[in-house]
Amino acid sequence: MSTNVKSDPLMSTYNRFPLTLVKGKGSYVWDEEGVQYLDYTSGIATCNLGHVPDVVKEKIEEQLQELWHCSNLYHIPVQEKLASLLVENSVGDAVFFCNSGAEANEAAIKLARRYAQKVKGTDAYEIVTFTQSFHGRTLASLAATGQEKLQAGFYPMLPGFRYLPYNDVSALEQLVSDKTCAVLLEIVQGEGGVVPASLEWITEVAKLCKEHDLLLMVDEIQTGMGRTGTLFAYEQYGIQPDVISIAKGLGSGFPIGGIIANEKAAKGFEPGTHGSTFGGNPLASSAGLATVEYLVTSDVIQRAKESGIYLESQLQELKTQCPMIEDIRGKGLLQGLVVKEAAKVVEKARQHHVLILTAGPNVVRILPPLTTTKTEIDQFINILKLVCKQLES
Ligand SMILES: *Cc1c(COP(=O)(O)O)cnc(C)c1O
C-alpha cells in the first residue's frame, strides 16, 4: 500500500493530553464531543479575561476589516495607543513590541547589553538570573533560564549568564561582578514551581541594582496583566524595575509580547538596533489594546484580587482535609499546590472535567481567568477535594 502514510505530521515537542478543544467562552472550554471543561489553566496564563472575551473580539473584528499588517516601517496608531496605555500604567516610559515571551526576554537581554556597552561605555555583558527560573526557549532566553534540564542537549549555551539561588538573601553578595550589567527575575517563579519572591530578597536585589547601576529587569510574562491582583506583580513589592517583560495575557490569546523600559534603559536601543517583522502589528495590537484597556478601566483586576484571596483561603481549608497537599503558595490567581505527584492530580482533575497544570513534578498550578466567579471557585474546590480523596484512598 501507500508508503506515504506518516505517523504524526507534528514534531514531537509536546506531551499532549488526549483532549481536543474546539470552543471556549469565559471560564469554560468544550471538546469535539461537546463535553464542557472548567479551564483553570487559562491557556497557560494567557486568556486572562476568559475565552473569547467580547470586548477583545469586537476590537479584533473591527481591525480585521481595516488593516492586518504593514510592518514597523510605518506608524501604527493602535500600537502607539497600546504603548501609551502600558506606559501610563507602569513605571516604564517606552515599549518595544514582539510576538512572544521568549522574544520579549530576548529584547530585554539585548537592551541590557547594549545599554551597558553603548550608553555607559563599559564592557559589561553579564546578566544575573536565578535557579529554577523560566525565561523562554530561544537560545538566549534558554541561557537565561536557570534549569539544566531545559538546557540539556542544546549546549553550548550563550555565554554571559550567571545563576544565583532564588530568594536567598545571603547569596546576593555574589550578585555584582565587574562584568555584570543587569538582573533578570520573575516576581513569582511560574514554571519553576509557583514560588513568590520574598519582600526582603527582592528589596535587597533592587537596592544592589541601584547602588551598582545594574538594570533591574522583571519577567512579568506570567505574573503581569492582573494575574496576581495588580496589573503588574512588582507593584506589590514597592520596587521600580528598569525593564518589564510582558506577553501571555497581553493579547488575551492573540500572540503579542513586549518590553516596557524606563527612559534610562530605553536609551539602549536606537533605530536599526533591534526589530521584529510582526511585532505589534495592527491586528495583534488591537487585541492588546482592547485587553489592557479593559484591565485598567474596569474593576476586573480588583475582582481578580478578591477571587485570589478567596481561592487561596479555600485551598488552605482544603489542605486541612487532604494530607496529600503539603503546601499552598502563590499570589492572586496564580496558585500552586505542593504534592508528591502533580501530574496525577492534573490527570484525575481532567477526568472530572477540570483543567489545571503542573509546574514541575511536585507542584499543581492553578490559573483561573481573572473573570472567574465565586461559584466557579466553589465548583473547582469541590472537584479538587474529590480528586484528592480518590488519590488518597
Ligand atoms: C511563558 C513564559 C515565558 C516564555 O513565553 P513564550 O511566549 O512561551 O515564549 C517566559 N517567561 C515566563 C515567566 C513565562 O511564564
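A short tour of the structure in this document, coming up. (Residues numbered from 1 in each chain as written. Predicted model: local features only at pLDDT ≥ 70, side-chain atom pairs only at ≥ 80, totals over all residues. Heavy atoms only, no water.)

1. Quick word on the site of the ligand
Around the ligand sit Ser100, Gly101, Ala102, Asn105, Phe134, His135, Gly136, Glu186, Asp219, Ile221, Gln222 and Lys248, and that is every residue in its neighbourhood. When isolated, the ligand has an accessible area of 380 Å², and the protein chains bury 81% of it. For the shell around the ligand, the leading source of residues is helix 4 (residues 101-119), giving three residues. For the shell around the ligand, a count of residues per class yields three nonpolar, six polar and three charged. (Near = heavy atom within 4 Å. Areas by Shrake-Rupley, 256 points an atom, 1.4 Å probe, with all protein chains shown as cover. Helix = DSSP H or I, 4+ residues; strand = E, 2+ residues; numbered from the N terminus. Nonpolar A, V, L, I, M, F, W, Y, C, P; charged D, E, K, R; others polar.)

2. Quick word on the pairing of strand 17 (residues 363-366)
Burial along strand 17 is two-sided: the face carrying Val363 and Arg365 and the face carrying Val364 and Ile366 are both buried. Taken together, the four bridges between strand 14 (residues 334-338) and strand 17 define a ladder with antiparallel strand orientation. From the neighbouring strand, Val338 faces strand 17, where its bridge partner is Val363. Bridging between strand 16 (residues 357-358) and strand 17 involves two bridges; their strand directions are antiparallel. Opposite Leu357, over in strand 17, you have Arg365 as the bridge partner. Hairpin connection from strand 16 to strand 17: four residues lie between these consecutive antiparallel strands, with Gly360 at a positive phi of about 85°. (Buried < 20%, exposed > 50% of the residue type's maximum accessible area, 1.4 Å probe, protein only. Pairing = 2+ DSSP bridges.)

3. Looking at helix 2 (residues 54-66)
In an α-helix, one full turn covers 3.6 residues, which means residues spaced three or four apart are oriented alike. Between its terminal C-alpha atoms helix 2 stretches 19 Å, which fits the 18 Å expected from 13 residues at 1.5 Å a residue. On its buried face, helix 2 sits against helix 3 (77-88) and helix 9 (282-297). (Expected span 1.5 Å × (residues − 1). Contact = heavy atoms within 4.5 Å.)

4. Quick look at the sheet that holds strand 15 (residues 354-355)
Judged by pairing direction, the sheet is mixed, and its four strands sit side by side in the order 1-2-3-15 without closing on themselves. Each end of this open sheet is capped by a strand with a single partner; those strands are strand 1 (21-25) and strand 15. Summarising the sheet, strand 3 (residues 36-39) and strand 15 pair through two bridges and their orientation is parallel. Across the sheet, residue Asp39 finds its bridge partner in strand 15, namely Leu355. Set on the sheet, helix 12 (residues 374-392) makes contact with strand 2 (28-31), strand 3 and strand 15; between it and strand 3 the angle comes to about 100°. (Axes fitted to C-alpha atoms, helices over the stretch in contact; angles between N-to-C directions.)

5. Considering the environment of Val183
With respect to the helices and strands, Val183 occurs in strand 7 (residues 180-186). Overall, Val183 belongs to the buried group, its relative accessible area being 0%. Beyond its immediate stretch of four places on either side in the chain, Val183 contacts Val128, Phe130, Leu175, Val205, Cys209, Leu214, Leu215, Leu216 and Met217.

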